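# Structural features, examined
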Amino acid sequence: MNTPQLLLSALALGAAYALVAVGFVLTLNAVGAVNFAHGDSVMLGGVAAVLLGVAAQTLGLALPGVVLLPVVILLGAALGLAIGAAGFLPLKDRPPSSVFVATIAIASVFEQSATAFFGPAPRSAPPVWREGVLQPLAMIAVAALVLGIVYLVLERSQLGRRFRALAQDREMARALGIPATPLIATAFAAGGGLAGLAGALLGHQFLVVANQGPGYMLKAYIAVVIGGWGSVPGALAGALLIALFETFVAASLSAVWAQALLYVAVLLVLLLRPQGLFGEPAGRRA
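Residues numbered from 1 in each chain as written. Predicted model: local features only at pLDDT ≥ 70, side-chain atom pairs only at ≥ 80, totals over all residues. Heavy atoms only, no water.

## Regarding the overall build of the protein chain
A tally of regular secondary structure across the protein chain gives 11 helices and zero strands. Overall, the protein chain shows an N-to-C arrangement of helices and strands of α-α-α-α-α-α-α-α-α-α-α. The C-alpha atoms of the protein chain give 18 Å as radius of gyration, which agrees with the globular expectation for 286 residues (19 Å, within 12%). If you line up the protein chain on its principal axes, its C-alpha atoms span 55 × 45 × 35 Å. (Helix = DSSP H or I, 4+ residues; strand = E, 2+ residues; numbered from the N terminus. Rg over C-alpha atoms; globule rule 2.2 N^0.38 Å.)

Following this line, the structure appears as structure tokens:
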């Protein structure tokens, strides 16, 4: 694969990672705790895309994957709401560690359920548009469109201003009459929708496997550490850097070395710039 092809693949991978990381940050900023089921939401988005593709074929419909994406986003949003309802709202007045443990338990339930019903073998989701060079271009276009909408909502709407107020100081936001619980539910829904979309985009080229959720969770976590804890632009930058690093190191050495050196790079970032590229106060880290 030549350099332009590698760059295109890296950007497509980075676009999908960016969806994962931004969804992770939206939930993190709203609740102040890590949702460890986020990676499995990505995996389940891929599972949903595979099953929808199979159903369409069974009905004799030759639909491109892009037609299925709105359904996957809605299913992901519903899943995010379920995670929030089961893993956060009953525990919101308890220490953040309770939410960590609850969402880890939910992630395990998702993974084991997917293994039982979907099987351990890798499956391929439908391509977003067509095979070949159009697939990474379609991934980039879809991710850019959705992330652009998220940016406009966060920066130009009353909902976005309330999200930012909640992220900066939840108690002050509540004192000012900002309804925290509906915003938190919205954050879980948005995070789940973005995770589901990412899973559907990744599911063709990188396949769908029931145990890949923790890997996606770790990528989101690393992207946020590199970019700056709680920073949406930082999560975007971190996701793109991870994808570029993985793709070019894997092409030069091997995928195993790419993973190992990625963690070395993360350790260097933590040592040299612990606040990340778009640093937030270190005290907010979980």
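## A word on the packing of aromatic side chains
Summed over all chains, the structure comprises three aromatic pairs. Here the aromatic rings of Phe36 and Phe100 are separated by 5.9 Å at their centres, their planes lie at 85°, and the arrangement is edge-to-face. Of this pair, Phe36 sits in the loop between helix 1 (3-31) and helix 2 (38-58) while Phe100 sits in helix 4 (residues 96-118); the two residues are 64 residues apart in sequence, bridging distant segments of the chain. (Phe/Tyr/Trp six-rings, centres within 6.5 Å; stacked < 30°, edge-to-face > 60°.)

## Details of the packing of helix 2 against helix 4
Each pair of packed helices gets described by two things: the angle between the helix axes and the distance between those axes. Close contact between helix 2 and helix 4 brings their axes to 10 Å; oriented N to C, the two are set at 25°. Here helix 4 runs roughly parallel to helix 2, going by the angle between their axes. You can see that helix 2 and helix 4 cross each other, and the crossing is left-handed. Residues Asp40, Met43, Leu44, Val47, Val50 and Leu51 of helix 2 form the contact with helix 4, whose own contacting residues are Ala107, Phe110, Glu111, Ala114 and Phe118. (Axes fitted to C-alpha atoms, helices over the stretch in contact; angles between N-to-C directions. Parallel < 35°, antiparallel > 145°, perpendicular 65-115°, else oblique. Left-handed = near helix turned anticlockwise from the far one by under 90°. Contact = heavy atoms within 4.5 Å.)

## Considerations on helix 1
Spacing of three or four residues puts side chains on the same side of an α-helix, whose turn is 3.6 residues. Helix length check: helix 1, at 29 residues, gives a terminal C-alpha distance of 41 Å against a target of 42 Å (1.5 Å per residue), a fit within 8%. Within helix 1, 24 of the 29 residues are buried, which leaves it mostly tucked inside the rest of the structure. Just downstream of helix 1, Gly32 is the residue with a positive phi angle, here 70°. (Expected span 1.5 Å × (residues − 1). Buried < 20%, exposed > 50% of the residue type's maximum accessible area, 1.4 Å probe, protein only.)

All quantities given are derived from atomic positions and should not be read as evidence of function.
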